[in-house]
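# Observations on the three-dimensional arrangement
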Amino acid sequence: MKRALHAYLFLLFTLSLSSANAQWTWLNPKPSGHTGKSITFVNERIGFFVNGSDLVQTKDAGTTWEVKQSMANGNEIKFNGKTGFVVGDFGTVYQTVDLGENWQKLTVNSTENLNSVNVLHPDTIYITGSKSLIKTTDAGKTWSLKVIAPPQSNSPQPSSYTNTKSYFINSKVGHATCTNGTILKTIDGGEKWYVTESTNTIPSSYFTILFVNSKVGYASKQHSTLMKTTDGGETWVPLSDRLMPAATYALHFLNENIGYLAGDHGAIYRTANGGKTWAAIGFQSAFFSGTSMYGIYFKAVNVGYAVGMRGRIIKTTDGGMTWSSPAFTYNNIWDMAFPTSTTGYATGSELYKTTDKGQSWQTLSTGLLESNHYYRLAQFFSADTGFVVAHEGSNSNSKDVLIKTMDGGKTWAKLNILMY
């Protein structure tokens, strides 16, 4: 049972004991292990993202992140000046009017799963859910609800439309993507909608939509397809004959030419020519499960951020050539050993060591194993002396090996023991 549990653990906690109670502290990945969904910045230093459980904030341009407050069900966060909104499942809506210092939960008389918020003006906010458009023109004091219904002729019934995302250019013109491969448009503030794009291909649900200006917009859907419009959403065409290398879950553009996308299996790409071509700028050399990214935001051509699965937060200051992260790993932790109260070791895709009760960790390089390896079990008898079971190779050539250190992980020796 112990080993089975290790296979699924990727979070680290520390237990602080007192005479009255025991308290758990989250150690890794900091500050949360929940999947990041939507990220934005309000100025050069202050940024936020939501992960369905918390509102997470940075005040130092992404060097460190902290949970600002618990905020269950959040799906998207948007700002306009000092005014910001978070919307989420079960009709969840939060509002701030002071750059995110304080948040108030609002009642909008809806229990729908809310997927998008458009802060057109501090007083005018359009929110969309799976079936409805919810609007306010008095800064959230009162709300009106309008069902997003397609035309009554030559189209599926309204019940077949489940909205996945929306983007409003202004208080009149807006666009909504749907699960059935359909894009809708309104030119009267959501009173009426008409179909601008549809397909018979299944599955072809849309993930997200973004407009750079009133004419140029992008929308992504299943089958790794990225669509573009140059006429205000009246017509949509695939960007090329080739599918994108991975499904796109988030888009961010600095202007008509320069844009970024994030998506499935850790995909992050950049275009400098309005989507004609895309260059990979991801944080890993290949696509891996468990690394999908759902939010991306660039403050400038070189400075960007992305959030995604397992609490992953990454930052680049060189346009994606390199990425940094506050966590020492986002992969599974298989085993741990604390031979002293301050010194400990953890095994996973790499081997890690702490000398400050788990507050910070360093990666240890053994220099003994093949490139395809991971570390399984650890047993230490002192801060310096211990054994680790590692696994190297793949398929029929894979094997477990036993390695030993006597100097706290500075050097390692592979023991000549046959392991099964």
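These numbers were taken from a predicted model, which means no experiment stands behind them.

Moving on: the overall build of the protein. Helix and strand counts for the protein stand at 1 helix and 37 strands. Computed over its C-alpha atoms, the radius of gyration of the protein comes to 24 Å, within 12% of the 22 Å expected for a compact globule of 420 residues. In terms of overall dimensions, the protein has a C-alpha envelope of 75 × 55 × 40 Å along the principal axes. A burial count over the protein gives 50% of its 420 residues as buried. Working note: accessible area of the protein is about 19,500 Å², and carbon and sulfur atoms make up 51% of it. Here the protein carries 35 positive and 28 negative side-chain charges, and the mean point of each set is 1 Å from the other.

Following the criterion strictly, the structure yields 25 aromatic pairs and no others. Feature note: the residues Phe-41, Phe-49, Trp-65, Tyr-297 and Tyr-305 constitute an aromatic cluster, connected by ring pairs.

This next bit is on the environment of Ala-300. Considering the arrangement of structural elements, one finds Ala-300 in the loop between β27 (293-298) and β28 (304-308). Residue class for Ala-300 comes out partly exposed when judged on its relative accessible area of 33%. Residues Ala-300 and Phe-381, 81 residues apart in the sequence, show an inter-C-alpha distance of 50 Å. Apart from the residues within four sequence positions on either side, Ala-300 is in contact with Leu-254 and Tyr-260.

Next up on the list: the sheet that holds strand β10 (residues 104-105). Spatial ordering of the open sheet is given by β7-β8-β9-β10, a layout of 4 strands whose pairing is antiparallel. Two strands bound the open sheet, and with one partner strand each, they are β7 (74-80) and β10. Note: strand β9 (residues 92-96) against β10, 2 bridges, orientation antiparallel. The residue of β10 that forms the bridge with Tyr-94 is Lys-105.

Turning our eyes to something else, we now look at the nonpolar core. Across soluble globular proteins, you tend to see nonpolar side chains buried next to one another. Leu-351, Tyr-375, Phe-380, Val-388 and Trp-412 are the most contacted members of the largest nonpolar core, which totals 13 residues. Residue assignment for this core shows that the elements contributing at least two residues are β34 (373-380), β35 (386-392) and β36 (399-405). Considering every element that reaches this core, the biggest residue donor is β34, with 3 residues. The residues contacting Leu-351, other than those within four sequence positions of it, are Ala-346, Gln-362, Thr-363, Leu-364, Thr-366, Tyr-375, Val-388 and Trp-412.

Of the strand pairs in this sheet, β34 and β35 are connected by 7 bridges, and their pairing is antiparallel. Counted as the bridge partner of Gln-379 is Phe-387 from β35. Taking the residues that link successive antiparallel strands as the turn, the β34-β35 hairpin has 5 residues.

Within the protein, residue pLDDT values average 91, and 91% of them lie at 70 or more. Predicted confidence for residues 1-9 stays below pLDDT 50, and this span has 11 contacts to residues more than four positions away or in other chains. Taken together, the stretch residues 153-158 has pLDDT below 50 and engages in 7 contacts with residues farther than four places along the chain or on a different chain.

This part covers the environment of Ala-383. You can see Ala-383 is positioned in the loop between β34 and β35. Spatially, the C-alpha atom of Ala-383 lies 6.3 Å from that of Thr-340, the residues being 43 residues apart in sequence. Residue contacts for Ala-383: discarding those within four places in its chain leaves Pro-339, Thr-340, Thr-343, Tyr-345 and Gly-408.

Glancing now at the pairing of strand β20 (residues 217-221). Summarising burial for β20: 5 of the 5 residues are buried, a large majority. A two-sided burial pattern is seen for β20, the buried positions comprising Gly-217, Ala-219 and Lys-221 on one face and Tyr-218 and Ser-220 on the other. As paired strands, strand β19 (residues 206-211) and β20 are joined by 5 bridges and run antiparallel to one another. Bridging from a neighbouring strand, Phe-211 pairs with Gly-217 of β20. Where β19 folds back onto β20 in an antiparallel hairpin, the turn is made up of 5 residues. Of the strand pairs in this sheet, β20 and strand β21 (residues 225-229) are connected by 5 bridges, and their pairing is antiparallel. In the strand pairing of β21, Ser-220 is matched with Leu-226. Between β20 and the antiparallel strand that follows it, β21, lie 3 residues; His-223 among them carries a positive phi value of about 70°.

A sheet is described by the order of its strands in space; here 4 strands give the open sequence β15-β16-β17-β18, paired in antiparallel fashion. Strands at the two margins of the open sheet, each flanked by one partner only, are β15 (163-168) and β18 (194-197). Direction aside, neighbouring strands of the sheet carry axes that sit 30° apart on average. Pairing geometry for strand β17 (residues 183-186) and β18, over 3 bridges, is antiparallel. Among the inter-strand pairings, Ile-183 is bridged to a residue of β18, identified as Glu-197.

Rules used in this analysis
- Residues numbered from 1 in each chain as written.
- Predicted model: local features only at pLDDT ≥ 70, side-chain atom pairs only at ≥ 80, totals over all residues.
- Heavy atoms only, no water.
- Helix = DSSP H or I, 4+ residues; strand = E, 2+ residues; numbered from the N terminus.
- Rg over C-alpha atoms; globule rule 2.2 N^0.38 Å.
- Buried < 20%, exposed > 50% of the residue type's maximum accessible area, 1.4 Å probe, protein only.
- Areas by Shrake-Rupley, 256 points an atom, 1.4 Å probe, with all protein chains shown as cover.
- Lys, Arg positive; Asp, Glu negative; His and termini not counted.
- Charge placed at Lys NZ, Arg CZ, Asp CG, Glu CD.
- Phe/Tyr/Trp six-rings, centres within 6.5 Å; stacked < 30°, edge-to-face > 60°.
- Contact = heavy atoms within 4.5 Å.
- Pairing = 2+ DSSP bridges.
- Core = buried A, V, L, I, M, F, W, Y, C linked by side-chain atoms within 4.5 Å.
- pLDDT = per-residue confidence, 0-100.
- Axes fitted to C-alpha atoms, helices over the stretch in contact; angles between N-to-C directions.

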